[in-house]
Amino acid sequence: MRIFKFIISAAALFCAAVSLNAVEVPAGAVWSSDFDLDNYNVAPGKTLELSPAAALSYSTKWADGENRQVTILATAQDPYTVMTSGTEAEGSYVWDYESVDPTVLPRGDTYTLSYAITSGETILDTVDADSKIKLLPEPAMLFLIPLMLLLCVGRKMKLCLPALLIALVSFEAAADVVSGVTCRQRWPWNGKVDIDYTLNSSSDGPVFSVQFFGKVGDGAAFNLSDLEGEGQYGIVFGSGQKRITWDSTKQLGHTVDSNAAKVAIFAQDVTGDATYIVFDLTNNSVGFTTTAPSVAEGAISKLTQIWFRRVEAGTFVMGSNSSDPYHEEYAASEVEHTVTITKPFYMGVFEFTQKQFETIAGYNPVQMWAYIGDTKPVENVSYDDLRGENVGATWPQYTDHRVDTNSFFGVFRARFGNSFIFDLPTDAQWEMACRDKGDGTYWGSGVWNDGSAILGTNPDANLDNLANYDGDSTVVPHEVGTKTPNFIGLYDMHGNVDEMCLDIWAQDISSYTVDPVGPASAWNLFRVIRSGDCTTDPDACRAAYRSFITPSNRLTQDGFRAVLIP
């Protein structure tokens, strides 16, 4: 029985020997099918003969929620709708043409495949793939052949549609964590291969450790390098469909014989092991651990490593009540209300230090000699410095954490391939992390973040152990991490330097209760600051205390701690 014919594209056959270090692929790694780079493409104008069933796969790109559809047509004389995708951006459909009335699609005829992109009744784009399917005149054994439509080389594609390939792809059995590994070349061929796969986990906000392996022919497996996208640093956040791109020619020095090349992915849900995620600025690597960082004087965790601590989703009471001795004075800006944060996030263990800032930004903004020190918190930076004055100033108009590329956070993200979202915490995230006991409960009004009572005096003996403030020794910032942390290991949440937050300032925020991002606008554009500093009284060091700063102002005692948004 004839199953298919294929035309081999000569562009992919520049194969050469390459020396690769063999690696042991972990048990449970899910291998892709053959790469299907060029070998299985149906050249324009050629014909692919099929058995009675074929799987038509499609992959498109448009924004979530857009009402667009992919319709695949087979045309000999009159067009026949093979499949309409619904509104999904990618998927597959098994077309069993044996069930079609032979008067509609006569057997033995050759049909040209095409697709249309529609939105409602409007046709947005129609492309003749110039690839043909011949329906065999006699039924044959069912053999599932996954297909993708090959767009004509040189046709202008709309809606950012990638080139769709006709490929032979084996279906992988579902794995506990990773499944559905497929590979697609970039068309026209430029050496880059998009690797798609699915991660599965029942964890809340899972963290995956991922490894990527390659294999050519019967050669030993090797680690894929020259990767771009989520996972290139070995960590992926969240379940679902994922994509990473491999520059095969950059790593191997030549194109690949797709008939012999495969990819394997090994992933583990390491949420429980990723209490801390650590970014090393010396080699731009990323790791995770359950062990808290060293707080020794001059520790590397305060210099060229940046540590983030996982904060679980939860519900807490934000603000203060009459049990707080300062409540009456600040009642208008500390209205007690219940807030729910629905997704976990990672909070900086320390206030950002001068050495960390300088390593990323290339300069140290601190000017007062008494404030200068590698392990002291950076200050004299503005909200605009950190996020930018253009798109970075649009929060919360856009809540996708966009920042200016030349801002501090823009440069920080670029250092790690824009694979991670570093930003300031929201007002609610900051207070939640400050009050967190680590067991799903939170300290309430009238206590510091170790549960000791707020005394309402200056100095406050219960605050001395937790904070560098006006009543505690010298009124200059101290090295970070020298006081007692809160219950989840965050240092200096009371005092030392004021910490900027994302939100626009508004006095009464009691209506913001689920994943609040602050008001869209207010009578001013001030931004929220938290924690108090080395010059403030105990009242400004409380978890409930909120104040504000002009986005362009650079003030002494005003710094920040970063968050990592999964």
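Computed from a predicted structure; not experimentally measured. (Residues numbered from 1 in each chain as written. Predicted model: local features only at pLDDT ≥ 70, side-chain atom pairs only at ≥ 80, totals over all residues. Heavy atoms only, no water.)

Asker: What is the right way to look at the overall build of the chain in this model?
Answerer: Per the secondary structure count, the chain includes six helices and 29 strands. Expressed as a percentage of the 566 residues in the chain, the buried residues total 53%. Here the contacts in the chain between residues at least 6 apart in sequence split such that 69% fall between residues at least 24 apart. Per element, the accessible surface of the chain, about 23300 Å² overall, is 50% carbon and sulfur. (Helix = DSSP H or I, 4+ residues; strand = E, 2+ residues; numbered from the N terminus. Buried < 20%, exposed > 50% of the residue type's maximum accessible area, 1.4 Å probe, protein only. Contact = heavy atoms within 4.5 Å. Areas by Shrake-Rupley, 256 points an atom, 1.4 Å probe, with all protein chains shown as cover.)

Asker: Mind showing me how you'd approach the nonpolar core here?
Answerer: Inside soluble globular proteins, nonpolar side chains tend to come together where they are buried. In this structure, F352, F409, F412 and F560 are the most contacted members of the largest nonpolar core, which totals 38 residues. Per element, the largest residue contribution to this core is three residues, and it comes from helix α5 (residues 408–415). Excluding its chain neighbours within four sequence positions, the residues that come into contact with F412 are L281, I306, F352, I360 and F422. Ranked by size, the runner-up nonpolar core spans 24 residues in total, among them V311, A428, W430 and A506. (Core = buried A, V, L, I, M, F, W, Y, C linked by side-chain atoms within 4.5 Å.)

Asker: So what exactly am I meant to see when it comes to the sheet that holds strand β10 (residues 178–185) here?
Answerer: Two pairing modes exist for strands in a sheet, parallel and antiparallel, and in both the strands are linked by backbone hydrogen bonds. The sheet built from four strands is open, its strands ordered β10-β11-β16-β14 with antiparallel pairing. Each edge of the sheet is formed by a strand with only one pairing partner; in this case those strands are β10 and β14 (227–228). The sheet contact formed by β14 and strand β16 (residues 240–247) spans two bridges and is antiparallel. When the bridges of β16 are listed, E228 appears paired with T245. (Pairing = 2+ DSSP bridges.)

Asker: For this particular structure, what's the right way to read the pairing of strand β22 (residues 337–341)?
Answerer: Working note: regular strand, side chains alternate between the two faces of the sheet. Residues of β22 alternate between two faces, with H337, V339 and I341 buried on one and T338 and T340 left unburied on the opposite face. In terms of strand pairing, strand β21 (residues 314–318) meets β22 through five bridges, oriented antiparallel. Considered in β22, the bridge of F316 is made with V339.

Asker: Quick question: what am I supposed to make of the packing of helix α3 (residues 354–361) against α5 here?
Answerer: Each pair of packed helices gets described by two things: the angle between the helix axes and the distance between those axes. Where α3 meets α5, the closest approach of the two axes is 9 Å, and the angle between their N-to-C directions is 75°. In terms of their interaxial angle, α3 and α5 are classed as roughly perpendicular. Contacts between α3 and α5 pair F357, T359, I360 and A361 from the former with F408, V411, F412 and R415 from the latter. (Axes fitted to C-alpha atoms, helices over the stretch in contact; angles between N-to-C directions. Parallel < 35°, antiparallel > 145°, perpendicular 65-115°, else oblique.)

Asker: Honestly, α5 in this entry has me stumped. Any pointers?
Answerer: Note on helix geometry: an α-helix contains 3.6 residues per turn, so any two residues three or four positions apart are oriented the same way. Among the residues of α5, those classed as buried are F408, F409, G410, F412 and R413. Buried positions along α5 lie against β20 (305–311), α3, α4 (383–387) and β24 (421–423).

Asker: How should unusual backbone geometry be read in this particular structure?
Answerer: Glycine aside, negative phi is the norm for most residues, and most peptide bonds take the trans geometry. In this model, W395 is joined to P396 through a cis peptide bond whose omega is 0°. As for its position among the elements, P396 is in the loop between α4 and α5. At N284, a position not held by glycine, the phi torsion is positive, near 55°. For N284, the location among the structural elements is in the loop between β18 (276–280) and β19 (285–289).

Asker: Explain the pattern of salt bridges here, please?
Answerer: Counting across every chain of the model gives 18 salt bridges. Here E334 and R542 are joined by a salt bridge, their closest N and O atoms 2.7 Å apart. You can see E334 sitting in the loop between α2 (327–330) and β22 and its partner R542 sitting in the loop between β26 (527–530) and β27 (547–549), a full 208 residues away along the chain. Under the relative-accessibility criterion, R542 is labelled buried at 1%. Within this structure, D427, E431, R435, R530 and R546 form a network of salt bridges that share partners. (Salt bridge = Lys/Arg side-chain N within 4 Å of Asp/Glu carboxyl O.)

Asker: Just to check I follow, could you spell out the packing of aromatic side chains for this structure?
Answerer: Working definition: an aromatic ring pair is given by the centre-to-centre distance plus the angle between the planes. The tally for this structure, following the rule as stated, stands at 30 aromatic pairs. With a centroid separation of 5.8 Å and an interplanar angle of 50°, the aromatic rings of F316 and Y442 are classed as tilted. Separated by 126 residues along the polypeptide, F316 in strand β21 and Y442 in the loop between α6 (427–435) and β25 (498–504) bring together distant segments of the chain. Judged by relative accessible area, F316 falls into the buried class, the value being 2%. Given a relative accessible area of 15%, Y442 falls into the buried group. Between the NZ or CZ atom of R402 and the centre of the ring of Y398, over which it lies, the distance is 3.8 Å. For K437, the ring lying beneath its charged end belongs to W443, and the centroid distance is 4.0 Å. (Phe/Tyr/Trp six-rings, centres within 6.5 Å; stacked < 30°, edge-to-face > 60°. Lys NZ or Arg CZ within 6 Å of the ring centre and 35° of its normal.)

Asker: Explanation requested: the confidence of the model for the chain in the structure shown.
Answerer: Close reading of the predicted structure is inappropriate where its pLDDT is low. Taken over all residues, the pLDDT of the chain has a mean of 79, while the share at 70 or more is 69%. When the criterion is pLDDT under 50, residues 36–55 qualifies, and its contacts beyond four places in sequence or with other chains add up to 102 contacts. A low-confidence stretch, residues 136–175 (pLDDT under 50), is modelled with 125 contacts involving residues beyond four sequence positions or located in other chains. (pLDDT = per-residue confidence, 0-100.)

Asker: Can you help me understand the pairing of β16 in this one?
Answerer: Note that strand β11 (residues 192–199) and β16 share eight bridges and pair antiparallel. What sits directly across from L199, in β16, is G240.

Asker: I would appreciate a short explanation of the sheet that holds strand β28 (residues 558–559) in the present structure.
Answerer: The four strands lie next to each other as β27-β26-β25-β28, forming an open sheet whose pairing is mixed. Two strands in the sheet have a free side with no partner beyond their single neighbour: β27 and β28. Where β25 meets β26, three bridges bridge the pair, whose relative direction is antiparallel. Across the sheet, residue E499 finds its bridge partner in β26, namely R530.

Asker: Explain α3 to me, please; I cannot follow it from the model alone.
Answerer: Regarding α3, the residues found buried are Q354, Q356, F357 and I360. Buried positions in α3, seen along its axis, are confined to an arc of 160° and lie on one side of it. Looking at the buried residues of α3, the elements they touch are β20, α4 and α5. Backbone geometry just downstream of α3 places G362 in the positive-phi region, at approximately 90°. (Arc of directions from axis to C-beta.)

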